[in-house]
Amino acid sequence: METVAKYAYEVYKKESFTKAAQALYISQPSLSAAISRLEKELGFYIFDRSSIPLSLTAEGRIYIESIEEMLEIENNMRKRIRGLSDDDHGPIIIGGSSYGSYLIMSEICGEFYKKNPQIAVTLDIGNIGSSHVLWEKLDNNEIDILIISAKQHSSCITVPLLEERLVIAMHKKLKGAKELQHLAMTRKEFLTKKYSPDREIEDMSIFRNIEFLDFSRKSDMGKRMASMLGDYKTSHYKIQNARHSEMHYNLMRAGIGAVVTTTLSVEQKLYEDEDILFFVPKTEDSYRKIFLAYNPSSKNKPLVKNFINIAKEIYSKK
């Protein structure tokens, strides 16, 4: 909007040339001269100068109403542009399909919420189907960001966020555990890494007599277990449609079978259970990266960039 139109609108609001001039930080004569030139260009008077306080002429009323319409359009335009350039809009959809990704998601979302409490966030935790469903959603822009451990071929951008170790855990009373106890370490030793590297297990055949709580052979964990352990024994207990390793861990604590779990999962346990034995495999598949993936079309979205930067900041310190 032109400056002189803003001057006229200020005079209308203040109902006085003097008060308007003060608000605009210009002299009263300069303001009066500018309005007079505007009225001459328009071909009509905007203000009835004979009234106190200052009032509008009939033509002036139409002019001011037009200015208010322009101000509303300008305000809406600014809101839309601001929506493209900052983080005061939403929603954002975050996907994840493993227990580790759920834990990471919670931590990142906590920091994201502190900085963006007004943003609506939807979490798609992939409890139906398998991880490829989430990858399809990401490709189709149905999800903005995906936190996942199984990297698949996709047109999406993937950023390694952190690496976790797989660990074998079993109860002391589990059949066959007693013979392996001399090779085990405590939860504290495992988490603090205060153990000699030669205590890591390279010969996975030592677990051939141990029954494991199984994961779906189609899942990333199931594939890793098959690669690490070969043709391993499985427990009589089967968890149907399980994509959440918390149940596996709890059954292990009950002495039903051994479990392959992760650093992140063990870190979340609030108890120090002296009856649990931990074994750290030293195989290629015992190292697992967790990725943050997003669609190329989303990389410049402020909320996506904000979420990614928060995630990188958190895990660069770990």
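The following paragraphs examine the structure supplied in this document.

### Quick word on the overall build of the chain
Broken down by element type, the chain carries eleven helices and eleven strands. The buried share among the 318 residues of the chain stands at 45%. For the chain, contacts bridging at least 24 residues in sequence account for 71% of all contacts bridging at least 6. If you sum the accessible surface of the chain, you get close to 18000 Å²; carbon and sulfur atoms cover 50% of it.

### Structural notes on the packing of helix 1 (residues 3-14) against helix 2 (residues 17-24)
Angle between the axes and distance between the axes: these two values describe a pair of packed helices. In contact at an axis separation of 8 Å, helix 1 and helix 2 are set at 125° when each is read in the N-to-C sense. Our classification of the angle between helix 1 and helix 2 gives oblique. The handedness of the crossing between helix 1 and helix 2 is right-handed. For the pair helix 1 and helix 2, the contacting residues are Tyr7, Glu10, Val11 and Lys14 in the first and Phe17, Lys19, Ala20, Ala23 and Leu24 in the second.

### Focus: unusual backbone geometry
Of the consecutive residues Ile52 and Pro53, the connecting peptide bond is found in the cis state with omega at 0°. Assignment of secondary structure puts Pro53 in the loop between strand 1 (47-48) and strand 2 (55-56). Its identity is not glycine, yet Glu15 carries a phi of approximately 55°, on the positive side. Here Glu15 shows up in the loop between helix 1 and helix 2. Since its relative accessible area comes to 41%, Glu15 is described here as partly exposed.

### Overview of the packing of aromatic side chains
Two numbers describe a pair of aromatic rings. These are the distance of the centres and the angle of the planes. The full count for this structure, using the stated rule, is seven aromatic pairs. On the numbers, 5.6 Å between centres and 40° between planes, the contact of Tyr9 with Tyr12 is tilted. Of this pair, Tyr9 and Tyr12 are both found in helix 1, three residues apart, which corresponds to roughly one turn of the helix. With a centroid separation of 6.1 Å and an interplanar angle of 10°, the aromatic rings of Phe190 and Phe278 are classed as stacked. Taken together, the residues Phe190 in helix 7 (residues 187-192) and Phe278 in strand 10 (residues 276-279) connect sequence positions 88 residues apart. As far as the burial class goes, Phe190 and Phe278 line up, both buried. Three or more aromatic residues link up through ring pairs in this structure, and these residues are Phe207, Phe212, Tyr232 and Phe279.

### As for the pairing of strand 11 (residues 287-294)
Looking along a regular strand, one sees side chains alternate from face to face of the sheet. By the criterion of burial, strand 11 is predominantly enclosed, with six of the eight residues buried. The pairing of strand 5 (residues 145-148) with strand 11 spans four bridges and is antiparallel. Residue Ile148 lies in a different strand from strand 11, and its bridge partner there is Phe291. Sheet analysis places strand 6 (residues 157-171) next to strand 11, joined by eight bridges and oriented antiparallel. Residue pairing across strands places Glu163 opposite Lys289, the latter belonging to strand 11.

### Some words on a nonpolar patch on the surface
Residues Val121, Leu123 and Ile125 make up a contiguous nonpolar surface patch of roughly 220 Å² in combined accessible area. Its location among the elements puts Val121 in strand 4 (residues 121-124).

### Some thoughts on the nonpolar core
Ile168, Met170, Phe207, Phe212, Leu229 and Phe279 are the most contacted members of the largest nonpolar core, which totals 36 residues. Looking at this core, the elements that each hand over two or more residues are strand 6, helix 8 (220-229), helix 9 (245-253), strand 9 (259-262) and strand 10. Ranked by residue count, the leading element in this core is strand 6, at five residues. Here Met170 is in contact with Ala177, Leu180, Phe207, Ile210, Met252, Ala258, Asp275, Ile276, Leu277 and Phe279, once residues within four sequence places are set aside. Ranked by size, the runner-up nonpolar core spans 28 residues in total, among them Tyr102, Leu292, Tyr294 and Ile314.

### As for the pattern of salt bridges
Within this structure, the stated rule accounts for eleven salt bridges. With its nearest N and O atoms 3.9 Å apart, the salt bridge here joins Lys115 to Glu313. Here the residue Lys115 occupies a position in helix 5 (residues 99-115), and Glu313 occupies one in helix 11 (residues 302-315), the gap between them amounting to 198 residues. Asp220 serves as the salt-bridge partner of Arg288, at 3.0 Å between the closest nitrogen and oxygen. Taken together, the positions of Arg288 in strand 11 and Asp220 in helix 8 put the pair 68 residues apart, joining distant regions of the chain. In this structure Arg288 comes out as buried when scored by relative accessible area, which is 5%. Where salt bridges share partners, they join Glu164, Asp220, Arg224 and Arg288 into one cluster.

Quick notes on the rules
Residues numbered from 1 in each chain as written. Predicted model: local features only at pLDDT ≥ 70, side-chain atom pairs only at ≥ 80, totals over all residues. Heavy atoms only, no water. Helix = DSSP H or I, 4+ residues; strand = E, 2+ residues; numbered from the N terminus. Buried < 20%, exposed > 50% of the residue type's maximum accessible area, 1.4 Å probe, protein only. Contact = heavy atoms within 4.5 Å. Areas by Shrake-Rupley, 256 points an atom, 1.4 Å probe, with all protein chains shown as cover. Axes fitted to C-alpha atoms, helices over the stretch in contact; angles between N-to-C directions. Parallel < 35°, antiparallel > 145°, perpendicular 65-115°, else oblique. Left-handed = near helix turned anticlockwise from the far one by under 90°. Phe/Tyr/Trp six-rings, centres within 6.5 Å; stacked < 30°, edge-to-face > 60°. Pairing = 2+ DSSP bridges. Patch = residues over 30% accessible without salt bridge, like charges linked within 9 Å, V, L, I, M, F, W, Y side chains within 5 Å. Salt bridge = Lys/Arg side-chain N within 4 Å of Asp/Glu carboxyl O. Core = buried A, V, L, I, M, F, W, Y, C linked by side-chain atoms within 4.5 Å.

Distances and angles like these do not, on their own, reveal function.
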